[in-house]
Amino acid sequence: MKYKILKLLKDKNDFISGEEIGDRFNISRSAVWKYVEKLREEGYNIESVTKKGYLLIDSYNGFNEYEIKNCLKTEFIGKNILFFDKIDSTNDEAKRQALNEAEEGTVITCRNQTNGKGRMGRQWESETGSGLWFSVILKPAISVKNAVQITLLGGIAALRAIRKITGAQAFIKWPNDIVINGKKAVGILTEMSAEIESVKFVVLGIGINVNNDVFEGELAEKATSLKIETKKIYSRNLILCEVLNEFEKLYVKYISKKSFKYFVNEYEKLCINLGRNVKVMCKDYNIEGTAVGIDENGELIIQDYNGAVTSIYSGEVSVRNSDGKYI
Ligand code: BT5
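Here we summarise the structure given alongside this text.

What counts, and where the lines are drawn
Residues numbered from 1 in each chain as written. Predicted model: local features only at pLDDT ≥ 70, side-chain atom pairs only at ≥ 80, totals over all residues. Heavy atoms only, no water. Disulfide = S-S within 2.5 Å. Helix = DSSP H or I, 4+ residues; strand = E, 2+ residues; numbered from the N terminus. Buried < 20%, exposed > 50% of the residue type's maximum accessible area, 1.4 Å probe, protein only. Pairing = 2+ DSSP bridges. Axes fitted to C-alpha atoms, helices over the stretch in contact; angles between N-to-C directions. Contact = heavy atoms within 4.5 Å. Parallel < 35°, antiparallel > 145°, perpendicular 65-115°, else oblique. Left-handed = near helix turned anticlockwise from the far one by under 90°. Nonpolar A, V, L, I, M, F, W, Y, C, P; charged D, E, K, R; others polar. Polar contact = N/O pair within 3.5 Å; in protein donor to acceptor, adjacent residues only side chain to side chain. Near = heavy atom within 4 Å. Salt bridge = Lys/Arg side-chain N within 4 Å of Asp/Glu carboxyl O.

Before going further, it helps to spend a moment on the state of the cysteines. Enumeration over the complete set of coordinates arrives at one disulfide. The disulfide bridge from C71 ends at C241, spanning 2.4 Å between sulfur atoms. Disulfide C71 to C241: torsion about the S-S bond roughly 75°, handedness right-handed. In this pair, C71 is assigned in helix α4 (residues 65-71) and C241 in helix α9 (residues 236-257), connecting sequence segments 170 residues apart. With relative accessibility at 2%, the residue C241 sits in the buried group. Between C110, a cysteine without a disulfide, and C241, which holds the nearest cysteine sulfur, the sulfur-to-sulfur distance is 16 Å.

Strand order in the open sheet formed by seven strands is β3-β4-β5-β9-β8-β7-β6, and the pairing between neighbours is mixed. Edge positions in the sheet fall to β3 (81-87) and β6 (170-173), since each of these pairs with one other strand and no more. Shown here is a sheet whose adjacent strand axes are inclined to one another by a mean of 20°, direction ignored. Examined bridge by bridge, strand β5 (residues 131-138) and strand β9 (residues 198-209) share eight bridges and lie antiparallel to one another. For W133, the partnering residue across the bridge sits in β9 and is G207. Packed on one face of the sheet, α9 meets β4 (107-113), β5 and β9 and runs near 30° to β5.

Next up on the list: the packing of helix α6 (residues 148-166) against α9. Packed helix pairs are specified by the crossing angle of their axes together with the interaxial distance, meaning the distance between the axes. At a minimum axis distance of 8 Å, the contact between α6 and α9 shows a crossing angle of 135°. The orientation of α6 with respect to α9, classified from their angle, is oblique. Crossing of α6 against α9: the hand is right-handed. Along the contact surface, α6 presents Q149, I150, L153, G154, I156, A157, A158, R160, A161, K164 and I165, while α9 presents L238, I239, E242, V243, E246, F247, L250, Y251 and Y254. Residue composition of the contact of α6 with α9, by class: 14 nonpolar, two polar and four charged.

In this chain, W174 is followed by P175 through a cis amide linkage whose omega measures 0°. Positive phi outside glycine occurs at N181, with the angle close to 50°. Tracing the sequence through the fold places N181 in the loop between β7 (177-180) and β8 (183-195). The class of N181 is exposed, set by a relative accessible area of 62%. Look at K258: it is not a glycine, yet its phi comes out positive at around 55°.

This part takes up the pairing of strand β11 (residues 286-294). Note that strand β10 (residues 277-281) and β11 share five bridges and pair antiparallel. Note on β11: the bridge partner recorded for N277 is T290. Remark: four residues form the turn of the hairpin made by β10 and β11, two consecutive strands paired antiparallel. The sheet contact formed by β11 and strand β12 (residues 300-304) spans five bridges and is antiparallel. Bridging across to β12, I294 finds its partner in L300. Linking β11 back to β12 in an antiparallel pair, the connection comprises five residues, with G298 at a positive phi of about 90°.

Moving on, we come to the environment of M1. Secondary-structure assignment places M1 in the segment before α1 (2-12). On the accessibility criterion, M1 (35% relative accessible area) is partly exposed. Distance in space between the C-alpha atoms of M1 and I27 is 9.8 Å, their sequence separation being 26 residues. Non-local contacts of M1, meaning those with residues more than four positions away in its chain, are made with F25, I27 and Y35.

The next point concerns helix α5 (residues 90-99). Of all the positions in α5, only T90, N91, D92, E93, A94 and A98 are classed as buried. Against β3, β4, β5, β8 and β9 lie the buried residues of α5. For α5, the capping residue at the N-terminal end is S89, with a side-chain oxygen 3.2 Å from the backbone nitrogen of N91. E101 sits one or two positions beyond α5 and adopts a positive phi of about 70°.

Before going further, it helps to examine the site of the ligand. The full set close to the ligand counts 29 residues, and S89, K117, R122, K184 and N209 are the nearest of them. For the ligand, a nitrogen atom lies 3.1 Å from a polar atom in the side chain of Q113. N176 has a polar side-chain atom sitting 3.2 Å from an oxygen atom of the ligand. Of all elements in the fold, only α5, β5, β8, β9 and α7 (219-222) reach the threshold of two or more residues within the shell around the ligand.

Turning to the pattern of salt bridges, a few remarks are in order. One pass over the full model with this rule turns up 24 salt bridges. Of the charged contacts, one joins K184 and D177 as a salt bridge, the two residues approaching to 2.9 Å between their closest N and O atoms. As a salt-bridge pair, D213 and K227 come within 2.6 Å of each other at their nearest N and O atoms. With a gap of 14 residues between them, D213 in the loop between β9 and α7 and K227 in helix α8 (residues 226-230) connect regions that are remote in the sequence. Residue D213 is classed as exposed on the basis of its relative accessible area of 54%. Given the relative accessible area of 22%, K227 is considered partly exposed.

Written as structure tokens, this is what we have:
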């Protein structure tokens, strides 16, 4: 019912009285008021004026399944959406759902993520009501070593969506960040369950700082949001739909071509690492050099200062920015 009232407010685009809404849906005026309160709690800015009724001022902070379904253009990604007001981690929930036979393309998202995860046990700060935290369950028939390519496709999809919606000069920092003006706005965490060599399922988790106003502590220096960078507020519904729309196109092509090589060109153009000095911390060793390309497996190609060329499959990368600082 509350979303029927929301639709009415949107369509009307002007004041509408509680009585008129009540008559339309055969509910009392006090029931209308309760539903309007619920919409406000979800972030909708609805004004009420005596004798005039209710007016929807803006919907930017409203984030829910109803709005997402309205703007999604995909065939299968996000057809099944599990929307939570609060959840520990959308990746953890996605893994639980996948183990419970959730279908491919299932999307888990939430308003509040209480235990957002980064890589290697790190934390992902998921402030209430301002960011977009979601995970997609995928069941690609790929080998374990290729699963990292899903992270790269997720990066391209998120980047395309962010550039299209915000116009921000965003870049991918291989392998799992998107940065704007040298600060991190997006983090991606891909996890999987595998049997010997082949993947059973992959969970692609993406965190986008959308309307955050400020970052504190250690994040003050290194994190940013779309709002901080562009001075505008964005609808998380719209950004989620756009990322999923883009991701489905990429994923369908990836599955049919069975290779990452068709994406290398675009990835290289979007990647901030290339041509820059980088320091990479891998599991057992560190490398410093110039990032010279992405190979057809999605690995980062580095030429060290002795001229030796190595490809890195995964690692912790710092890139030297134009001001000489590493980001
Ligand atoms: C990542 O890890 O960047 C992966 C983040 C993935 C988050 C999504 S949200 C939806 C899904 N559900 C989850 O539980 N996770 C995924 P990593 O490269 O390890 O970076 C983590 C580091 O980024 C932290 O140690 C902080 O320094 C920094 N960080 C934490 N929160 C941040 C934020 N909101 N914005 C920017 N940087 C952040």
